[in-house]
Amino acid sequence: MSLFVNVLLFNLVLLRIKWLYSKRIVLLEVRTKYYKLLKSKFVMKRILLMFFVLSYLNTFAQEDEDLFSMSLEELMNIEVTTASKKAQKISDAPATVISYSAAQIELHGWRDLKDLFRALTGVDVSYDVQGEVKTLVTFRGVQGNQKVLVLQDGQRQNPITGERFIYGHNIPLNIYKRIEVVYGPASALYGADAYGGVINLITKDGADIDGMSASVGYVSTQAVDASMSFGKKMGDDVDVLLYGRMYNGQDYKLHEKYKDALDYGIVNEYAGELGELDKVYPIKNWNMIGKVKYKKLTFGFDWQHQLESNAPTCIPANYAYVRNNVWGQDIRHLYANYSIVENEKISVDATATVGDYAINPATNFFIPTDEIGADALPGQDGILDTGTPGYKYGYSGYVQGALKADWKIADNFNIIAGASFENVKSFPKTQNLDQPYHLDAGLEDDLRDFVDPNGNTYGVLGLTDSIFGERNFTNFGSFVQGEYKPIETLSITLGGRFDYNSIHKETFNPRIGIVYKPIRKLTLKAMGGSAYIAPSNYYRWENWANPYAMHIPNLDIKPEKLTSFEVSAIYYINNNLSLRTSLFRNDMKDIIRVIDAPDQEGAYSYYNVMRILDGGASPYSGYVEMNDNLGAVYSQGVELDVNYQISKFLISVGYSFIDGKDKETDSNIPKVSAHKANANITYNAEKFFASVSARYYSDIWTATTNSYYAGTDEIPGAFILYANLGYRITKGIVFTLSVDNMLNTKHWGAAPYGESVWIQPRAPQSLLKVFGGLKFTF
């Protein structure tokens, strides 16, 4: 008992956090006294001492039946379902797959999906960016959050109309028993948007919880994170899961630490009415998830409500860093799955899904103005003292029916096939509105103010429709995939998917995978395939205008296409050491990107009425942009993962090198670091668990349009440390303490979009954050 007390006191002294019942006092303790402690030269010695003490404690602990009781090969080669839409070992899957269990998630202290990305080899991640993105994720040089398909229990979570997927404090991880990450294209199975990879979030069953579980925690940015779940298996036929989570408070106040003029310095100079507004970054998120299994029927629902600051990485002279500036949205799904046939030879199941996506009417871009009443252009003199919001709204809903069959024709031959149909209702994102969208007014966006004297909306020749309404469409898809094993150590997978969309017509995407095991502990893979990004209504109809720039619709966008080839090897050297390596090449063409609007026939001018309203400037001038297909990009690289397990320790090290070019601009791929590395040490005993993680990325390549670096200079790289410490007080109570950026390192990530016009050239990242929480099980 005395040993336990000493170790507990050791950790309290290490972090020097005193619970004084006052949030402000706790924050003051963390932000002032203890930053110096974490930055001291003794920090690594203290971490090593902590692990030594925990290791000593473990000699007194009894062995648990947990993930560390498994051999490394068992741990790293578990059964997954995402790579082929059927259960198979990771070593048998015709793809590179990484899987994390609920136990691993707890050990690392990851609370939201965005936290996991810092541990994924080959992934560039930039946190704290604009509200429609929040966390910018690039898989193997493939840019765009909409280019990674996110599933939950196999059900699509991305908006079906192609909006960027937001990784904020909106995807809690404590309800999932496993997360599967598939690298590379998967349109041959999943259709549109399975372009750079697939992430499948697999929820726990009621039996996994077997009662009730609750958690509550406090974040040093002044936020509360709380959740509750109920799960129970009732007899042999019924399994019930219910879950809710709330994350409410504020995010890191970046402008208080990043005061350089290149970053957020001007925020501290806001005056007048604007200066009196709270300069905070609000978070008001909640989630609900439910699942009921009855014999062969599964019924499920999820609701993701997200409202966070819209400001980060927006140019603060153009969009104000105040509480009012927010981006909010709701994503909801309701589905039923029925197993029609299930035996040793064949299984057939059917799924019906209803889902929708809606931008919160409170969403806005808050535009500051200066003391003489003119909107603040970049570099304009004057004091920013007031502002006006430009509100947004958009909606999409769909009904989907899907059928899938898995047929074991022979012991060495299997076929999986399926078909799906979606009927989509789509109301693309509106212009900037003077007031929140009235939901009872119908789905219409009135753009008559932007019609020029000749009847062309935005001055776009031929675009005479000034009331933008529903832009509905349908999509039919069918796929088939066969796996053949001519010998026990060799399997060949061949498949493809055909999609027909009522807007962009047909696409076909094949795949091939070869898996060879020359010896039991060595697996060699060769994979190839293609994928596409649909020219969604989001990109076709995107439009906005302000006094200094305008974005116009473009209905002629084509699908963006990717072809990928990869070879990989997995080698279990012994029971404690494994290696994984991959070499890959991605070739992308018809890139959907923002470009300068081209000159029109007869030098006809575009029309931006906002310039008139702002003091009489000519509506026929100013910057104009649009989305279009332009050019080709390639990326290629190598990845290496090493995992070593000894006793209760698991050590993982990952490294990746990537090279690539944007052929249109003859420049390096923007938003990507050539060298990335991560290292993770986790420890798990009967009572204590802990992890320390390090993340390194080299200088980040920038876009040629970057307003400061211009594609010729790079954003500085960085080395960041994270730590998580937990103590199982009783069987039903667990305490967790997490520290992000524990050395309080100032660093920057890539900015989203074109890194110019309305976006900063780089993205300041959060400094030290501390989380403390308790988990209860009943």
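About the thresholds
Residues numbered from 1 in each chain as written. Predicted model: local features only at pLDDT ≥ 70, side-chain atom pairs only at ≥ 80, totals over all residues. Heavy atoms only, no water. Pairing = 2+ DSSP bridges. Helix = DSSP H or I, 4+ residues; strand = E, 2+ residues; numbered from the N terminus. Buried < 20%, exposed > 50% of the residue type's maximum accessible area, 1.4 Å probe, protein only. Core = buried A, V, L, I, M, F, W, Y, C linked by side-chain atoms within 4.5 Å. Contact = heavy atoms within 4.5 Å. Salt bridge = Lys/Arg side-chain N within 4 Å of Asp/Glu carboxyl O. Phe/Tyr/Trp six-rings, centres within 6.5 Å; stacked < 30°, edge-to-face > 60°. Polar contact = N/O pair within 3.5 Å; in protein donor to acceptor, adjacent residues only side chain to side chain. pLDDT = per-residue confidence, 0-100.

**Here we look at the pairing of strand E13 (residues 238-250)**
As judged from the 12 bridges shared by strand E12 (residues 223-234) and E13, these two strands associate in the antiparallel manner. Each bridged residue has a counterpart across the sheet, and for Ser227 the counterpart in E13 is Arg245. What sits between E12 and E13 in their antiparallel hairpin is a turn of three residues, with Gly235 showing a positive phi close to 70°. Direction of pairing for E13 relative to strand E14 (residues 282-294): antiparallel, over a ladder of 13 bridges. What sits directly across from Arg245, in E14, is Asn287.

**Observations regarding unusual backbone geometry**
You will see that Asp193, though not glycine, has its phi angle at about 80°, which is positive. By relative accessible area, Asp193 is classed as buried at 6%. The backbone of Ala603 shows a phi angle near 55°, a positive value even though the residue is not glycine. Relative to the helices and strands, Ala603 resides in the loop between strand E32 (592-596) and helix H11 (610-613).

**A closer look at the sheet that holds strand E8 (residues 155-156)**
Taken in spatial order, the five strands make up an open sheet running E3-E9-E10-E7-E8, and their pairing is mixed. Two strands lie at the open edges of the sheet, namely strand E3 (96-101) and E8, each paired on one side alone. The pairing of strand E7 (residues 148-152) with strand E10 (residues 197-203) spans five bridges and is classified as parallel. Bridge pairing links Leu151 to Asn200 in E10.

**A word on the nonpolar core**
In terms of nonpolar packing, the biggest core is built from 47 residues, with Tyr270, Leu274, Tyr319, Tyr321 and Trp758 touching the most fellow members. For this core, the elements supplying multiple residues, two or more each, are strand E16 (326-342), strand E17 (346-359), strand E18 (364-370) and strand E39 (718-730). Ignoring anything within four residues of it in the chain, the contact list for Tyr321 reads Tyr264, Val267, Tyr270, Asp278, Lys279, Tyr281, Ala311, Pro312, Thr313, Cys314 and Pro316. Tyr100, Trp110, Ala119 and Tyr183 belong to the second-largest nonpolar core, a separate cluster that totals 31 residues.

**Some thoughts on the pattern of salt bridges**
A full pass over the atoms with the stated rule returns 38 salt bridges. We note a salt bridge from Lys676 to Asp124, for which the minimum N-O separation is 2.9 Å. With Lys676 in strand E37 (residues 675-684) and Asp124 in strand E4 (residues 123-126), this pair connects stretches of sequence that are 552 residues apart. Classification of Lys676 as buried rests on a relative accessible area of 8%. For the salt bridge of Arg323 with Asp278, the shortest nitrogen-to-oxygen distance reads 3.4 Å. On the criterion of sequence distance, the pair formed by Arg323 in the loop between strand E15 (297-309) and E16 and Asp278 in the loop between helix H9 (272-276) and E14 is long-range, its members being 45 residues apart.

**Here we look at the sheet that holds E4**
Read from one edge of the open sheet, three strands run E4-E5-E6, paired in antiparallel fashion. Bordering the open sheet on either side are E4 and strand E6 (142-143), each of which pairs with just one other strand. Where E4 and strand E5 (residues 136-139) come together, four bridges link them in antiparallel fashion. Bridge pairing links Val123 to Phe139 in E5.

**Some points on the packing of aromatic side chains**
Summed over all chains, the structure comprises 26 aromatic pairs. Measuring from centroid to centroid gives 5.3 Å for Tyr100 and Trp110, while their planes differ by 85°, and the two rings are edge-to-face. Placement of Tyr100 in strand E3 and of Trp110 in the loop between helix H5 (102-108) and helix H6 (113-116) is noted, with a sequence separation of 10 residues between them. Exposure remark for Trp110: the relative accessible area of 6% places this residue in the buried category. Between Phe427 and Tyr437, the ring centres sit 5.8 Å apart and the planes meet at 45°, which makes this aromatic pair tilted.

**Considering the side chain of Asn432**
Looking at the secondary structure, you find Asn432 in the loop between strand E21 (413-427) and strand E22 (445-446). Residue classification places Asn432 among the buried positions, given a relative accessible area of 14%. Separated by 3.2 Å, the side chains of Asn432 and Lys392 make a polar contact. A polar contact of 3.4 Å, which involves the side chain of Asn432, links it to the backbone oxygen of Ala545.

**Brief notes about the confidence of the model for the chain**
Put simply, the chain has an average pLDDT of 89, and 89% of its residues get 70 or more. This stretch, residues 1-65, has a pLDDT under 50; its non-local contacts, to residues over four places away or in other chains, come to 90 contacts.

**Side note on the side chain of Ser738**
Secondary-structure assignment places Ser738 in strand E40 (residues 733-740). Separated by 2.5 Å, the side chains of Ser738 and Asn724 make a polar contact.

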